[in-house]
Structures are given as structure tokens and as C-alpha cells.
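Coordinate analysis (summary)
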Amino acid sequence: MEASIRPSNFHSHCTFCDGHSQPEAYVEAALAQHFRAYGFSSHSPLPFETSWNMPACDLDGYILEVNRLKEKYRGRMEVYLGLEIDYLDETYNASIPYFQSLPLDYRIGSLHFLPWRWPLAEGNMTCIDGPFDQFAALVKERYGDDVRRVTKHFFDTSMQMAEAGGFDIVGHADKICMNGALCRGFDPSADWYRKPFEEYLHLIAEKGYIMEVNTKNFLRKGQTYPSLDSLKRIHKLRIPVMVNSDCHVPALVNDGRDEVLALLREAGFRTTRERVGGTWQDLPTG
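Here goes a summary of the coordinates provided. (Residues numbered from 1 in each chain as written. Predicted model: local features only at pLDDT ≥ 70, side-chain atom pairs only at ≥ 80, totals over all residues. Heavy atoms only, no water.)

Another aspect to go through is the overall build of the protein chain. Counting secondary structure elements, the protein chain contains 10 helices and 11 strands. Out of the 286 residues belonging to the protein chain, those deemed buried represent 56%. The long-range share in the protein chain, meaning contacts at least 24 apart out of those at least 6 apart in sequence, stands at 70%. Per element, the accessible surface of the protein chain, about 12200 Å² overall, is 51% carbon and sulfur. Where the 31 positive side-chain charges of the protein chain centre and where its 39 negative ones centre are 4 Å apart. (Helix = DSSP H or I, 4+ residues; strand = E, 2+ residues; numbered from the N terminus. Buried < 20%, exposed > 50% of the residue type's maximum accessible area, 1.4 Å probe, protein only. Contact = heavy atoms within 4.5 Å. Areas by Shrake-Rupley, 256 points an atom, 1.4 Å probe, with all protein chains shown as cover. Lys, Arg positive; Asp, Glu negative; His and termini not counted. Charge placed at Lys NZ, Arg CZ, Asp CG, Glu CD.)

The subject of this paragraph is the side chain of Arg275. Among the secondary structure elements, Arg275 is positioned in strand E10 (residues 271-276). In this structure Arg275 is buried but unpaired, with Asp105 as the nearest side chain of opposite charge at 5.0 Å. Among the polar contacts listed, one links the side chain of Arg275 to the backbone oxygen of Asp105, at a separation of 3.3 Å. Filtering out sequence-adjacent residues up to four positions away, Arg275 remains in contact with Phe10, Arg36, Ala37, Glu78, Tyr80, Asp105 and Trp280. (Salt bridge = Lys/Arg side-chain N within 4 Å of Asp/Glu carboxyl O. Polar contact = N/O pair within 3.5 Å; in protein donor to acceptor, adjacent residues only side chain to side chain.)

What follows is about the sheet that holds strand E3 (residues 78-86). Strands sit in the order E1-E2-E3-E4-E7-E8-E9 across an open sheet of seven strands; the sheet is parallel. On the outer flanks of this sheet lie strand E1 (8-9) and strand E9 (241-244), each paired with one strand and no other. As paired elements, strand E8 (residues 210-214) and E9 share four bridges and run parallel to each other. Looking at E9, one finds that Asn214 is bridged to Asn244. Along the sheet, helix H1 (residues 23-32) contacts strand E2 (37-43) and E3; its crossing angle with E2, the most-contacted strand, is approximately 150 degrees. Lying over the sheet, helix H2 (residues 59-72) contacts E2 and E3, oriented at roughly 155 degrees with respect to E3. (Pairing = 2+ DSSP bridges. Axes fitted to C-alpha atoms, helices over the stretch in contact; angles between N-to-C directions.)

Attention now moves to the environment of Leu203. In this fold, Leu203 is placed in helix H7 (residues 191-207). Remark: the alpha-carbon pair of Leu203 and Ser158, spanning 45 residues in sequence, is separated by 10.0 Å. The contact partners of Leu203, leaving out residues within four places of it in the chain, are Met159, Ala162 and Glu163.

Take Asn217: it is sitting in the loop between E8 and helix H8 (218-221). Using a relative accessible area of 4% as the deciding quantity, one classes Asn217 as buried. Between the C-alpha atom of Asn217 and that of Met178, which follows or precedes it by 39 residues, the distance is 9.3 Å. If sequence neighbours within four positions are ignored, Asn217 has contacts with Met178, Gly222, Gln223 and Tyr225. Of note is the side chain of Asn217, whose polar atom sits 3.1 Å from the side chain of Tyr225.

Shown next, in the form of C-alpha cells:
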């Protein structure tokens, strides 16, 4: 298999956060599928503890372990050290000195929580990425049971994240669709959804971020983030993309990649942007 089209994955989780296996199990799974590169992006520490974010006390151990794997597998596969960093507000995001001082190869900027009130604490957050019944209860309690209001909050916060910067890759850009689509009245073709999403895409293009096409739910549910029907628009805006599986178990390191690469080619993409030899490069989609 040519090096330029060998698989890669830059969004993955392990036992340092909510992944199900030790880091080396993912590297071995990737090697078995002839990967060119594999990147770890555990959920970063937050100013409050959750069941799925890395505790701050484990961060040094995470860095040491991934760097150990870099050396052990050097010459066989490129291993990269990243973090998926939540934007909470202007005081806690990828741009703050705490994250910028870390010896990372890349950073993913993502939204999983929308602050509803302060201080920053889990009980004051609206989680958009949990079970639907929990999401629906929060939308009813905090947004008057109006999915348009929580969607506006999501895109307003996404714009703030893009303006703050400090990251390389936009993680699952329209993740609000995962639970939002199950709510009454959700319509991604309506102006109230389409216009802020379009504004967000323009800002991503302006800032030069890489946008991942997240395949975590593709084979099971036919969903990607961003949505499949936005790919041609993303291509027209010349936003560089990469394909990531957002895996939490080793068996899914390559989940949905080939199928989504084919859809990217149909949408006009001829390259994906990946880390190669420590720098960002554009590689053929196949």
C-alpha cells in the first residue's frame, strides 16, 4: 500500500480518559491495519471532574506514555500526542497558557458542554454529547423546550471557540445534530440553523483550521460530523479536512474511513490534511 494513502487517525481515546483500552492496544490495532500515523487525543482536564475527562493529575503520565510509544514504534508508524480540548468560555479553552505550554503535536478544539451559569462546574453545564433523555431534559428546563435556542447557544459558543483559537483541528463541528435531530422542530435546512452554521464555516475557513470529518457514528447510524450534505460547501470554502474515527475501542481505529473518503472524493476533495514527519501536509484521498 502506498504511503500516501495508508490510513491514519488523529482523534482517539484511551484509558487516560473514557477509552476502553490502554494506549498501546490502539497502536497495535493501527499497525495491524497498516496505518501510516496514529494520534492520541484524550479528553483534556476540565476545571471540574467528569466520568470521561482526564484528571489533571494524570496528564503528565499521559504525555510520558504516548512519548514512550512514539519511540517504541518509530520506523514502523508515526505516533502523535494530542488533546481534545473543550471550549467552555474565555477563561478555559485551548488558547490559555495551561494548554499552550504542553508539549503537544496538535490540539483538537471541541464543544461538549455549554455553560448555562457560572462558576464552571458540571452541574452548571448543558452537555450536548450525553444520552438523549438527559439532553432533552436540559433543553426543556433551560431553553424552554426549544431546540432552536440550544442550537443558537451551540453556534454562538462555537464562534467564540474559533475566535479564541489555540487549536489545529475543529472537532465534530456540528455535534449539536446528534441529539438535536431527535428533538421536535429540529430542521437543519431552516434559516435558523443554516445561517449560523454557514457563518461558522466561513470563520473556520478564515482562520485556516483543519476540519475533521468524524466517522464515529457513520457505519451504525449513517451520520458524520459535519453532516454529509455540508461536504460540498466545505470544499467550496477550501477548508482542509481530515477523516477521524473518534474511537474509544481499538477495533474501531479505522471505522468508516474508506467509506467517508469515497464520499469526500464525490464532493470534490482530492486531498486530506494530515501530520507527516511532524508537519501538516496534504495527502491524496486515493
